[in-house]
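# Coordinate analysis (summary)
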Amino acid sequence: MPLLKDGRLVGEDAFQPVADDAALPESGAVLVTYARWQAEKEQLSGRNDPLGIVLPNTLDVLDFGAEAERFDLIVLTFPKFSDGRAYSQARLLRERFGYRGELRATGHVLQDQLWAMQRSGFDAFEIPRDDAAEAFAKAISTFSHVYQPTGDGRVSALKQRLAIQNKDGRRKQEAAE
Amino acid sequence: MYEYDDIDQTLVDERVAQFRDQVARRLSGEISEDEFKPLRLQNGLYLQLHAYMLRIAIPYGTLSSRQLRGLAQIGCTYDRGWGHFTTRQNLQYNWIKLEETADALADLAKIQMHAIQTSGNCIRNTTTDQFAGAAHDEIEDPRVWCEIIRQWSTFHPEFSFLPRKFKIAVTGSPNDRAAVRVHDIGLRMHKNAAGEIGFEVIVGGGLGRTPFIGKTIRDFLPKQDLLSYLEAILRVYNQFGRRDNLYKARIKILVHEIGIEAMREKVEAEFAASKDGALKLPQDAIDQIAAQFAPPAFEKLSGISAEYANAFRTDFEFGLWARRNTFKHKQPGYSIVTISLKKEGAPPGDASAEQMNAVADIADRYSFGEIRVTHEQNLVLAHVKQSDLPAVFKALKAYDLATPNVGLASDIIACPGLDYCALANARSIPIAQQIALRFKNWERAHDIGELKIKISGCINACGHHHVGHIGILGVDKAGEEFYQITLGGAADEQAAIGDLIGPALNTRDAVDAIDTLVETYLRLRNSSDERFLDTYRRVGLAPFKEAVYAVA
Amino acid sequence: MAKAPKLNSQPQVVTANHLLSGDVVYLTKAASWSRRIADAAVVANVEAGAALLAEAETQAKKNIVIAPYLIPVDASVTPPKPIQYREVLRAEGPSTEKARPAA
């Protein structure tokens, strides 16, 4: 499955997924499920290598958020593109809990959802197409403005307009002086 | 009214380009119908029985004359010269081709309009009082808040794939003309004890398969917190609303299942964590939007205009119309005019391109070039000088737009029904037409007085049958159209869900039953001031039921 | 939407909507699509119905039509008349527009 990170295709995923009933490798970056994390917190926390976790989209991330910073990768799932729960999980992790690691979307990830995903805080996408980078570039340049603030740094239309109004106001004031 | 700036215009233009590309990818086979369907729906394009249907958003039901002319033109170019105004203050074209849709949307963008989020499981067009900014009983113009909500909800990245559709309505008046108690979120503006204006927030109302009257989640919300609070509600809903069953996915079911207290706890916790964040509305931002809804340049008038008084006295037809179709304006010397799209025997809510152009011209001449759409499928001229009313009446009459029946039995709400809609079980328009014709006699209709009949062709309740004084629901009984009748519903500040009177009836019997119900009311009412609904509330279901189902 | 009846050995045709125009169409004997139900291929048993539908599905995959399905018809009249009311409306157009003058 092609993996897109920061808009570029990544050759190999650094994280090795480990099934719940499989033994953990001695070393290396691993990706575990939320259930395994719940069961083996101590052991997993003792590892020195990067740690990733897959969260089910039914999880109330308020119950997990405080632990987010221990992870280098959090994978959120879209069982079907029309199931939008992970958008809220992503925003909460980024904006409420300040998570700064990789936030990856997996499952039914389609070109026409990439814009919303990126705005919600995802920076990595498992997307089943060879031209994923082109699709991504196209998707995130669809709109030049945004109406609402999220944690993505874009300035909302409301704030843009206020800035214009203030600038105009200052210019008028300067002209008057 | 609100005019697009470069930001708004760029966004709708980019949306058209995006949709054009999506259609191309659908036609090339790059995306499947399953993947394409939600994309076209979020641009208002449905596949109905006979063709594609395009639903145009009319934000909070306000249109300029230029926009209405544009809609008429689009109706001629891409449809058959008609438009259908809906219970959500929107406009639908029934005969659209997929291959022409992007062009139609591009034409719409030229008149600062769009079809964004008129369908799909996202936040839909925000609706409000059709008399906003004009009504004498208004606390504040709710359209300012509708526009703020429109912008916040448009392309909201977190809420584009909710469990189900989401509808918000706002009223700025204690007399609720926007049916806020039967919306996913209803906002009622009011003053608190300190004299500040804010919102009562109502959540979990809705019609459809499981009708609920919304519950108050917060008595008073300061204005600057509106978006933070809405986002908190939506975030709770997006995460915890049911997704396992289409019929249980609306927020009303979540509120019902966990209870309003638990819902309030979750929302308030989310709100507490985010209220001082980026969504808090600065006063200058509110002012910037509010400036666009500044009242028009009213003339200072006093007393009753002589033209008006004279016409009222001498022209019987005019008097009838003025009594029924005008409403008190906040500005002395002005009236609000409701244009009935319910000529008896015509499909409720339909307007021809010719009629739309005529209304646009009349609005330019007599009402500051502004038109409103009502959720009861009529149009409104919000600011007409009383001295101009006789001329307006005459101009409307020339286009069959002066039927004096607003709020009367023939002013029926009806969804498109099985004549057009792929979801319907039975037709709505023909039964509406037949019922309306029974009340064509003006003397009888005016004697009966206010009577709200609402008809839906299926349980999804686009025709709001649950909240009709008389509600009619079309059902399919072994391949034949039958109709269930409910009584006592209301959509206003005393919102109520109607009671089922008994087994469904076939078309002929259902039309007869409406007559019987009305005759029963006339027999039972205490005085001509007691409306049908009041009588029903006083005497209950039994005498009505008996009258309809009595063995002949 | 009313549930489609279970089809047995009764006369039936395949209908769908044309992808580009949205128009109601019927599958013909020549495996093309017509806007007139009079042109529809009528079959009268489960196997033939399934074969007709399979052909239609293939064309749906080629993005010519959307969501084809079988409907029962009364084949004793010409043109064949759908049994379900909904399908009569699809075949004949909205009952409300018949009386309406073109604007």
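On a predicted model such as this, the values are computed, not experimentally measured, just so you know.

Our next topic: helix H7 (residues 251–274) of chain B. In a regular helix each residue adds 1.5 Å, so 24 residues correspond to 34 Å; H7(B) covers only 21 Å between its end C-alpha atoms and thus falls short of that length. The principal kink in H7(B), of about 105°, is found at Gly259(B). On its buried face, H7(B) is in contact with helix H3 (85–96) of chain A together with strand S9 (197–203), strand S10 (215–222) and helix H6 (226–240) of chain B.

Tracing the chain through its elements places Arg25(B) in helix H1 (residues 6–27). When the C-alpha atoms of Arg25(B) and Ala353(B) are compared, they prove to be 33 Å apart, with 328 residues separating the residues in sequence. Those residues within four positions of Arg25(B) in sequence are excluded, and the remaining contacts are Gln111(A), Asp112(A), Glu30(B) and Ile31(B).

To continue, consider the packing of H6(B) against H7(B). Residue and element names in this part refer to chain B. Their axes nearest at 8 Å, the elements H6 and H7 cross at an angle of 130°. Taken together, the axes of H6 and H7 are oblique relative to one another. Handedness of the crossing formed by H6 with H7: right-handed. Contact residues: Ser228, Tyr229, Ala232, Ile233, Arg235, Val236, Tyr237 and Phe240 in H6; Ile251, Leu254, Met263, Lys266, Val267, Glu268, Glu270, Phe271 and Ser274 in H7. The class makeup of the residues in the contact of H6 with H7 is 11 nonpolar, 2 polar and 4 charged.

What follows concerns helix H2 (residues 33–41) of chain B. Among all positions in H2(B), only Glu33(B), Phe36(B), Pro38(B), Leu39(B), Arg40(B) and Leu41(B) are buried. Structurally, H2(B) contributes buried residues whose contacts are with H1, strand S1 (45–47), strand S2 (52–56) and helix H4 (98–110) of chain B together with strand S4 (65–74) of chain C.

Each partner contributes to the interface: chain A provides 38 residues, whereas chain B provides 45 residues. Approximately 3,700 Å² of surface area, both sides summed, lies buried where chain A meets chain B, with 54% of it carried by carbon and sulfur atoms. Of all residues in chain A, the largest losses of buried area upon contact with chain B belong to Phe143(A), Tyr147(A) and Arg161(A), amounting jointly to 19% of the total for that side. Connecting chain A to chain B are 9 salt bridges. On inspection of chain A and its partner chain B, the count reaches 23 residue pairs in polar contact (both at pLDDT 80 or more). Those elements giving two or more residues to the side of chain A that touches chain B turn out to be H3, helix H4 (114–120) and helix H6 (157–176) of chain A. Class assignment of the residues belonging to the side of chain A that touches chain B gives a composition of 12 nonpolar, 15 polar and 11 charged.

With that settled, consider the arrangement of the chains. Here 2 pairs of chains are in contact, and chains A and B lead that list by number of contacts. No part of chain A reaches chain C; the closest C-alpha pair between them is 20 Å apart.

All names here are of chain B. What the domain assignment reports for chain B is domain 1 (6–110), domain 2 (134–284), domain 3 (306–397) and domain 4 (413–549). Across the contact, 19 residues belong to domain 1 and 22 residues belong to domain 3. Counting each side, the surface lost to burial between domain 1 and domain 3 is near 1,800 Å², with a carbon and sulfur contribution of 59%. Where domain 1 meets domain 3, there are 2 salt bridges. Its salt-bridge partner being Asp364, residue Arg69 comes within 2.7 Å of it at the nearest N-O pair. At the junction of domain 1 and domain 3, the tally comes to 12 residue pairs in polar contact (both at pLDDT 80 or more).

All names here are of chain B. Strand order across the open sheet formed by 5 strands is S1-S2-S5-S4-S13, with antiparallel pairing between neighbours. The sheet is open, and its two borders are formed by S1 and strand S13 (350–352), each paired with just one other strand. Between one strand axis and the next, the sheet turns by 30° as a mean value, whatever way the strands run. Sheet topology places strand S4 (residues 82–85) next to S13; 3 bridges connect them, and they run antiparallel. The residue of S13 that forms the bridge with Gly83 is Ala351. The strands touched by H2 are S1 and S2; relative to S1, the strand with the most contacts, the crossing angle is about 130°. Along the sheet, H4 contacts S1, S2 and strand S5 (91–96); its crossing angle with S2, the most-contacted strand, is approximately 15°.

The rules behind the values
All residue numbers refer to positions counted from 1 along the written sequence of the respective chain. Both sets of labels track the order of writing: A upward for chains, 1 upward for ligands. Given that this is a predicted model, residues contribute local features only at a pLDDT of at least 70 and side-chain atom pairs are listed and counted only at 80 or more, while totals for whole chains, interfaces and linings are drawn from all residues. Side-chain metrics rest on all non-hydrogen atoms present in the structure, leaving aside hydrogens and water. Strands here are runs of E lasting at least two residues and helices are runs of H or I lasting at least four, both read from the DSSP assignment and numbered beginning at the N terminus. Given the number of residues in a helix, its expected span is that number minus one, multiplied by 1.5 Å. The angle between axes fitted to the seven residues ending at a residue and the seven residues starting there is what we call the bend at that residue. Contact between two residues is taken to exist if any of their heavy atoms lie within 4.5 Å; hydrogens are not considered. Axis geometry follows a simple rule: fit a line to the C-alpha atoms, using only the stretch in contact for helices, then measure angles between N-to-C directions, giving values from 0 to 180 degrees. Note on terminology: angles under 35 degrees are roughly parallel, angles over 145 are roughly antiparallel, angles of 65 to 115 are roughly perpendicular, and the others are oblique. Throughout, a crossing is termed right-handed when the near helix is turned clockwise from the far one, and left-handed when it is turned anticlockwise from it by less than a right angle. Gly falls in the polar group here, along with every residue not listed as nonpolar (Ala, Val, Leu, Ile, Met, Phe, Trp, Tyr, Cys, Pro) or charged (Asp, Glu, Lys, Arg). The buried label applies to any residue whose accessible area, calculated with a 1.4 Å probe on protein chains only, is under 20% of its type's maximum; exposed applies above 50%, and partly exposed to all values in between. Defined in terms of a 1.4 Å probe, buried area is the accessible area two parts forfeit on being brought together, summed over both. Here, a salt bridge means any side-chain nitrogen of Lys or Arg that lies within 4 Å of a carboxyl oxygen of Asp or Glu. Whenever two N or O atoms come within 3.5 Å, that pair is a polar contact, provided that in protein one can donate a hydrogen and the other can accept it, and provided that, for residues adjacent in sequence, both atoms are side-chain atoms. Throughout, the edges of the domains are those of an automatic or database domain assignment. Two strands pair under a simple rule: DSSP has to find at least two bridges between them.

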